[in-house]
Amino acid sequence: MDDPERPSERLVEQRLRNRAMEALVALSKGDSGVRSVGVGDYINLFFDVIDDDTPWQWREWSCFTPEEVERLDAVHGLLQAACVVTPWNDTDDDFIASGWPGRIQPAARAALDIMQARGKFREDAEEENPSE
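Residues numbered from 1 in each chain as written. Predicted model: local features only at pLDDT ≥ 70, side-chain atom pairs only at ≥ 80, totals over all residues. Heavy atoms only, no water.

Caption draft 1: Summary view of the overall build of the protein. Across its full length, the protein holds six helices and zero strands. Ordered by position in the sequence, the α and β elements of the protein form the string α-α-α-α-α-α. At 15 Å, the protein has a C-alpha radius of gyration in line with the 14 Å of a compact globule built from 132 residues. Its C-alpha atoms put the protein at 50 × 30 × 25 Å along the principal axes. Put simply, the protein has 132 residues, and 42% of those count as buried. Restricting the contact set of the protein to residue pairs at least 6 apart, pairs at least 24 apart contribute 68%. Carbon and sulfur atoms make up 50% of the accessible area of the protein, which totals about 7,200 Å². Side-chain charges of the protein comprise 14 positive and 28 negative groups, with the mean position of each set lying 4 Å from the other. (Helix = DSSP H or I, 4+ residues; strand = E, 2+ residues; numbered from the N terminus. Rg over C-alpha atoms; globule rule 2.2 N^0.38 Å. Buried < 20%, exposed > 50% of the residue type's maximum accessible area, 1.4 Å probe, protein only. Contact = heavy atoms within 4.5 Å. Areas by Shrake-Rupley, 256 points an atom, 1.4 Å probe, with all protein chains shown as cover. Lys, Arg positive; Asp, Glu negative; His and termini not counted. Charge placed at Lys NZ, Arg CZ, Asp CG, Glu CD.)

Set out below in structure tokens:
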């Protein structure tokens, strides 16, 4: 039985997978995605979940398929590259002018498409396959 105060590791991974999908929405919209959430959230919403500098090993989560991991890894690499060359205090307009949103958009769209094909997992119970 799931303890609402202490969800299982699987349930946490399901929830984080759903958050990754939500972060991909802005990334998949390119320039308009930056404008909708701001450059800080455009980048950080993804890295809040999918990041190699976090203690969890997201590539090993049982709720991801190998293809989803591959697509997420491509987005991760592009965002890392963008961060290396983008000043931390860039404005939305500066970041858009850099061309990074346009380079990230196709990879983000591909990742989102493959994840949406399976759907979202429930956030209140473990599932083998997404049901939402």
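Continuing now.
Caption draft 2: Region of the structure containing the pattern of salt bridges. Applying the stated rule across the entire model yields 11 salt bridges. Across the pair Arg17 and Glu68 runs a salt bridge, and its minimum N-O distance is 2.6 Å. With Arg17 in helix H1 (residues 9-27) and Glu68 in helix H4 (residues 66-85), this pair connects stretches of sequence that are 51 residues apart. Residues Arg17 and Glu68 agree in their burial class; the two are buried. (Salt bridge = Lys/Arg side-chain N within 4 Å of Asp/Glu carboxyl O.)

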